[in-house]
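Next come the chains, spelled out residue by residue.
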Amino acid sequence: MRVQGITAFRSRSLLLDQSREFRPRWAVLGDSEARYTTEGFGDTRFLQGMEYADRLVRESDVDTVMSAIVGAAGLSPTWAAVDAGKRVAVANKESLVVAGPIITQRAQETGAQLLPVDSEHSAVFQALQAGRKEDLRRIILTASGGPFRGWTRRQMVDVTPDMALNHPTWKMGRKITVDSATMMNKALEIIEARWLFDIPPQQISVVVHPQSIVHSFVEYQDGSVISQMSPPDMRLPIQYALTFPERIECPGPDTNWTQPMNLDFEPPDLDAFPALQLGFDAAARGGTCGAVLNAANEIAVNRFLDAEIRFDQIPHLCKDILCHHDFDARPSLRGLEAVDAWSRKEAQRWTT
Ligand code: MG
C-alpha cells in the first residue's frame, strides 16, 4: 500500500506530521480561509481547498479511497470517489445517511465498491460472508448504550456536555461521542446499514451490548446467528476495509481468552432514547429523511455543547425538523444539499 494523498480541514500540524511520515504525492487542507505556508511539506504537493480532495480522489493511480471526513462535509469527496468507480472504505457514515439512495445507485453504475469501516457494519459485512444474501433473516446492530445506559427519560434532563463526552468503552471525537450518548449514532447506523446492505429497516434490529466486544450479528433463515467479535479498537475494521478479502496481522489488541469474560445483551429503551426510533422512521421513509435528520442533529449537538439546548432536547429538535420538512422520495444530489442547508437553518433557530 502506498498513500497517494491525505486531507485535513484545519489540523495543519497533523497533516504535516503525516506527510513527513508517509510522503504522499499531495496533502490537502480543506480550510481555504486561513493563510498557511507550504513549508515543511518537502516533495508532497500542498493544496488548499476542499475542491482538491474531490478532484484528486479521481486520479487514475488512486484505487482505494478512505472516506473519513467528519459529518456531511464528507459527502462530496465520497461522491467523487464513487463516481470514479473507486473502492471506497466508508468511515464517513453521513455520506450514506444523507445520500444513500443515490450513492449506492451510482456505485452500481460505475462498479465502485463500498466497504464499511464503521465497526458494526464491518461486523455485519464479515458475518455476511457466512451465508447467502437471500437466506438472510435480519441483521442486529449492537450498541454500547453509551454513558447513560439504564437512565430514564427524566434523568436525561440534567445531562451536561462533560457527562455526555465521557464514553465508557470507545474513545472517539466529540460529535460521535455525544451521538453515542443520545443513541443518535445508532439511529444513523440503522440508515447506513439500510443502504450499505440494501436491506429494509424491518430487517434491522438493535441490541444493547455494554462491553462492545460483539460488533454486530447476522441472523439467517435457519435461526443461526453469526457475529464478529474483537476488543473495541478501530484499527481492525479500518484495516479490514483496506485488505479485504485478505486478513493480515493487526496492531490492535487480541481477545484475552485466559480471563473470565461476560457478554451482556439487553433490548434498547426507546422511551429513554427516542433518537433510536427516529433512525428506524427515517430509514423506513427514505428519500430526504436521512439528510434532514443528520443535518438537524449536527446543529443540535453543537448547540448542546454550547449550552444552548438541553441534552434531552437533541432528539426533540431533530424530530420537529424531520416532521416539518418538505419530503422528497427521490431527491437529486442538489436537492439533498438544499434540504441539508434548510435543516441546518431551522435547527439553528429552533426553540421549544
Ligand atoms: Mg459504529
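This section reports on the structure supplied with the text. Keep in mind the model is a prediction, meaning the values are calculated, not measured.

**Some words on the overall build of the protein**
Item 1. A tally of regular secondary structure across the protein gives 13 helices and 10 strands.
Item 2. Computed over C-alpha atoms, the radius of gyration of the protein comes to 20 Å, within 12% of the 20 Å expected from 2.2 N^0.38 for 352 residues, which places it in the range of a compact globule.
Item 3. Along the first, second and third principal axes, the C-alpha atoms of the protein reach 55 × 50 × 40 Å.
Item 4. Intrachain contacts of the protein at a sequence separation of at least 6 include 63% that bridge at least 24 residues.
Item 5. Element-wise, carbon and sulfur atoms account for 48% of the exposed surface of the protein, whose accessible area totals about 17,200 Å².
Item 6. Charge centroids of the protein, computed over 37 positive and 45 negative side chains, lie 3 Å from each other.

**Some words on helix H4 (residues 93–110)**
Item 1. The end-to-end C-alpha distance of H4 is 20 Å, clearly below the 26 Å that 18 residues give at a rise of 1.5 Å each.
Item 2. At Ala 99, H4 shows its strongest bend, of approximately 100°, with the proline Pro 101 following within four residues.
Item 3. Residues of H4 that are buried: Lys 93, Glu 94, Ser 95, Leu 96, Val 97, Val 98, Ala 99, Gly 100, Ile 102, Ile 103, Thr 104 and Ala 107.
Item 4. At the exit of H4 stands Gly 111, carrying a positive phi of roughly 85°.

**Quick notes on the sheet that holds strand E3 (residues 45–48)**
Item 1. The strand order E1-E2-E3 describes an open sheet built from 3 strands, whose pairing is parallel. Strands at the two margins of the open sheet, each flanked by one partner only, are strand E1 (5–8) and E3. When strand polarity is set aside, the average angle formed by the axes of neighbouring strands in this sheet is 20°.
Item 2. Of the pairings in the sheet, the one linking strand E2 (residues 26–29) to E3 comprises 4 bridges and is parallel in character. Bridge pairing in E3 places Ala 27 opposite Phe 46.

**Some details on the sheet that holds strand E6 (residues 113–116)**
Item 1. Taken in spatial order, the 3 strands line up as E4-E5-E6 in an open sheet, and their pairing is parallel. Each of the sheet's edge strands pairs with one partner strand only, and the pair in question is strand E4 (64–67) and E6. Across the sheet, the mean angle separating the axes of adjacent strands is 20° when strand polarity is ignored.
Item 2. By the bridge criterion, 4 bridges tie strand E5 (residues 87–90) to E6 in an arrangement that is parallel. Bridge pairing in E6 places Val 88 opposite Leu 114.
Item 3. This element, H4, spans E4, E5 and E6 of the sheet and lies at about 145° to E6.
Item 4. Contacts from helix H9 (residues 235–243) reach E4, E5 and E6 within the one sheet, and its direction differs from that of E5 by about 170°.

**With respect to the environment of Met 1**
Item 1. For Met 1, the position within the fold is in the segment before E1.
Item 2. Residue Met 1 is classed as exposed on the basis of its relative accessible area, which comes to 84%.
Item 3. Note: C-alpha distance between Met 1 and Leu 242 (241 residues apart in sequence) is 9.0 Å.
Item 4. Sequence-distant contacts of Met 1, that is, excluding residues within four places in its chain, are made with Leu 242 and Thr 243.

**Quick notes on the pairing of strand E9 (residues 214–220)**
Item 1. Taking burial as the measure, the 7 residues of E9 include 7 buried ones, the bulk of the element.
Item 2. Summarising the sheet, strand E7 (residues 136–143) and E9 pair through 5 bridges and their orientation is antiparallel. Looking across to E9, one finds that Arg 138 is bridged to Glu 219.
Item 3. Across 5 bridges, E9 lies against strand E10 (residues 225–229) in antiparallel orientation. Bridge pairing in E10 places Val 214 opposite Met 229.
Item 4. Between E9 and E10, which follow one another and run antiparallel, lie 4 residues, and Gly 223 among them has a positive phi close to 90°.

About the criteria used
Residues numbered from 1 in each chain as written. Predicted model: local features only at pLDDT ≥ 70, side-chain atom pairs only at ≥ 80, totals over all residues. Heavy atoms only, no water. Helix = DSSP H or I, 4+ residues; strand = E, 2+ residues; numbered from the N terminus. Rg over C-alpha atoms; globule rule 2.2 N^0.38 Å. Contact = heavy atoms within 4.5 Å. Areas by Shrake-Rupley, 256 points an atom, 1.4 Å probe, with all protein chains shown as cover. Lys, Arg positive; Asp, Glu negative; His and termini not counted. Charge placed at Lys NZ, Arg CZ, Asp CG, Glu CD. Expected span 1.5 Å × (residues − 1). Bend = angle between axes of the 7 residues up to and from the residue. Buried < 20%, exposed > 50% of the residue type's maximum accessible area, 1.4 Å probe, protein only. Pairing = 2+ DSSP bridges. Axes fitted to C-alpha atoms, helices over the stretch in contact; angles between N-to-C directions.

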